Amino acid sequence: MSAGVRMRTKNNIKIKFRKEIKIMNYIPGIIKETSNGYFSLSLMDELMSNREIYCLGEINQESAGALILQLKYLERQDSEKEITMYISSPGGEVASGLAIYDIMHSIKCPIRTVCMGTAASFGAVLFAAGQRREMLPHSRLMIHDPLIAGNGITGSATSLAERVGDLMKNRKILGTLLAQNTGKTIDQIYSKTAKDTWFTAEEAVDFGLADSIIQLEQGKEKDLLTEQENLSQETELELPFE
C-alpha cells in the first residue's frame, strides 16, 4: 500500500492503527540500501544472517522442520562458527522435539542456547542440550514426565497398554537426556520430573540445567522500563484517532 493511499483519510489511518494493535505477533521487515538499490528482507532472515535462530511457541512438526532447516543451512555456511538458539517454548510433541535434539547434536557447529521467558517440558530439554547454556535473569525452566494429550483416555485395554508403554519409553529417553546434560543420576531426574518442577535462573544453574545467567548492565533494566513507559505514552497520544 502506497503512502498516498494510507494518508488519504483519517478513517484509513484509524483502520491501519487498529490492525497493528491486534496483530501481536507481527514481525517487521527490514529495508537495506546497496550499490544496486534498495531491497527488503524479513527480520528473521536478518537475525539468521547473524547466526541467531528462535524456538518460539509450541514444538510441533512444522516448527521443528523450520528449525532443522535453519540449523543445517548455518552449518553449511560455516561448520565451525557458533549458532545461538533463543528458546521460549511451552514444549510440545516428543517426536518433533527429538528430531531437533538429534540435529543439534549431529551438526558440527557449537550451539549456544538462551532461555528467555519460559522454556518448559521439551523446551527445557532443548535448552539443556546446548554446549553453552545461558538464561536471562527472570527466565524460568520447567521439567516433567511426558503426558498423554487429550481430554480423556479411551480405547481397548490392549491399546491403552501400548500407549502407556510408549509413554514410559519416552520417559526413559527424556530422563536419560536430562541426566546426561545435567550430570545428575536418572533417579535424581525422575524425582524432579514426577511433577511439574520449576527452576528460576539461579536454581537452574545450581541443578546443572544451565551454565550461567546473562546479567543486565547496571541501570539498563531501569532504562528499558523508562523506554517502555515513553512508548506507552506515545501510543496513548495516537489513540484519539480511532
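Residues numbered from 1 in each chain as written. Predicted model: local features only at pLDDT ≥ 70, side-chain atom pairs only at ≥ 80, totals over all residues. Heavy atoms only, no water.

On to the overall build of the chain, then. Each helix and strand in the chain was counted, giving 10 helices and 9 strands. Looking at the chain residue by residue over its 242 residues, the buried ones come to 31%. For the chain, contacts bridging at least 24 residues in sequence account for 64% of all contacts bridging at least 6. Looking at the chain as shown, the accessible area adds up to about 15500 Å², and 53% of this sits on carbon and sulfur atoms. (Helix = DSSP H or I, 4+ residues; strand = E, 2+ residues; numbered from the N terminus. Buried < 20%, exposed > 50% of the residue type's maximum accessible area, 1.4 Å probe, protein only. Contact = heavy atoms within 4.5 Å. Areas by Shrake-Rupley, 256 points an atom, 1.4 Å probe, with all protein chains shown as cover.)

Take the packing of aromatic side chains next. Evaluation of the coordinates by the stated rule reveals 2 aromatic pairs. Judged by centre distance (5.0 Å) and plane angle (15°), the ring pair of Tyr54 and Tyr86 falls under stacked. Highlighted residues: Tyr54 in strand S3 (residues 52-56) and Tyr86 in strand S4 (residues 83-89), separated in sequence by 32 residues. On the basis of relative accessible area, Tyr54 is assigned to the buried category, the value being 19%. Looking at Tyr86, the relative accessible area reads 17%, which means it is buried. Ring geometry for Phe199 versus Phe207: centroids 5.2 Å apart, planes at 40°, classification tilted. Both residues of the pair, Phe199 and Phe207, count as buried. (Phe/Tyr/Trp six-rings, centres within 6.5 Å; stacked < 30°, edge-to-face > 60°.)

Turning next to the pattern of salt bridges. Side chains that carry opposite charge are capable of pairing whenever their charged atoms lie near each other. Under the defined criterion, the tally for this structure stands at 6 salt bridges. The shortest N-O distance in the salt bridge between Arg112 and Glu134 comes to 2.8 Å. Placement of the pair is Arg112 in strand S5 (residues 111-120) and Glu134 in strand S6 (residues 132-135), with a sequence separation of 22 residues. Like Glu134, Arg112 is buried. In the salt-bridge network here, residues are joined through shared partners; they are Glu82, Arg112, Arg132 and Glu134. (Salt bridge = Lys/Arg side-chain N within 4 Å of Asp/Glu carboxyl O.)

This paragraph deals with the pairing of S4. With 6 of 7 residues buried, S4 is to be regarded as a mostly interior element. The β-α-β motif built from S3, the intervening helix H4 (residues 61-77) and the parallel element S4 has right-handed crossover chirality. Both S4 and S5 contribute to a ladder of 6 bridges, which runs parallel. Bridging across to S5, Thr84 finds its partner in Arg112. (Right-handed = clockwise from strand over helix to strand, strands pointing away. Pairing = 2+ DSSP bridges.)

A few words on the nonpolar core. Core analysis: the largest hydrophobic core is formed by 43 residues, its most contacted members being Leu71, Leu126 and Leu141. At 6 residues, the largest contribution of residues to this core is made by helix H6 (residues 122-128). If sequence neighbours within four positions are ignored, Leu126 has contacts with Cys55, Ile59, Ile87, Gly97, Ile100, Tyr101, Met104 and Thr113. (Core = buried A, V, L, I, M, F, W, Y, C linked by side-chain atoms within 4.5 Å.)

Before going further, it helps to examine the environment of Ser88. Here Ser88 is to be found in strand S4. For the pair formed by Ser88 and Glu58, sequence separation is 30 residues and the distance between their alpha carbons is 9.1 Å. Here Ser88 is in contact with Cys55, Leu56, Gly57, Met116 and Thr118, once residues within four sequence places are set aside.

A few words now on helix H8 (residues 186-193). Of all the positions in H8, only Ile189, Tyr190 and Thr193 are classed as buried. The buried side chains of H8 occupy one side of the element, clustering within an arc of 100° when seen end-on. (Arc of directions from axis to C-beta.)

Each pair of packed helices gets described by two things: the angle between the helix axes and the distance between those axes. Interhelical geometry of helix H5 (residues 94-106) versus helix H7 (residues 157-182) gives an angle of 35° and a closest axis separation of 12 Å. Every pair of crossing elements has a handedness; the one defined by H5 and H7 is left-handed. Between H5 and H7, the contacting residues are Val94, Leu98 and Tyr101 on the first element and Asn170, Ile173, Leu174, Leu177 and Asn181 on the second. Of the residues that constitute the contact of H5 with H7, the class distribution is 6 nonpolar, 2 polar and no charged. (Axes fitted to C-alpha atoms, helices over the stretch in contact; angles between N-to-C directions. Left-handed = near helix turned anticlockwise from the far one by under 90°. Nonpolar A, V, L, I, M, F, W, Y, C, P; charged D, E, K, R; others polar.)

With that out of the way, let us pick up H4. Each α-helix turn comprises 3.6 residues. Residues three or four places apart therefore point the same way. Helix length check: H4, at 17 residues, gives a terminal C-alpha distance of 24 Å against a target of 24 Å (1.5 Å per residue), a fit within 8%. Turning to H4, its buried residues are Ala64, Leu67, Leu71, Leu74 and Glu75. For H4, the angular spread of the buried residues around the axis is 105°, confining them to a single face. Along H4, exposed side chains directed more than 90 degrees from the buried face belong to Gln61, Glu62, Leu69 and Arg76. On its buried side, H4 packs onto helix H3 (43-49), S3, S4, H5 and S5. Where H4 begins, the capping side chain belongs to Asn60, and its oxygen is found 3.1 Å from the backbone nitrogen of Glu62. (Expected span 1.5 Å × (residues − 1). Polar contact = N/O pair within 3.5 Å; in protein donor to acceptor, adjacent residues only side chain to side chain.)

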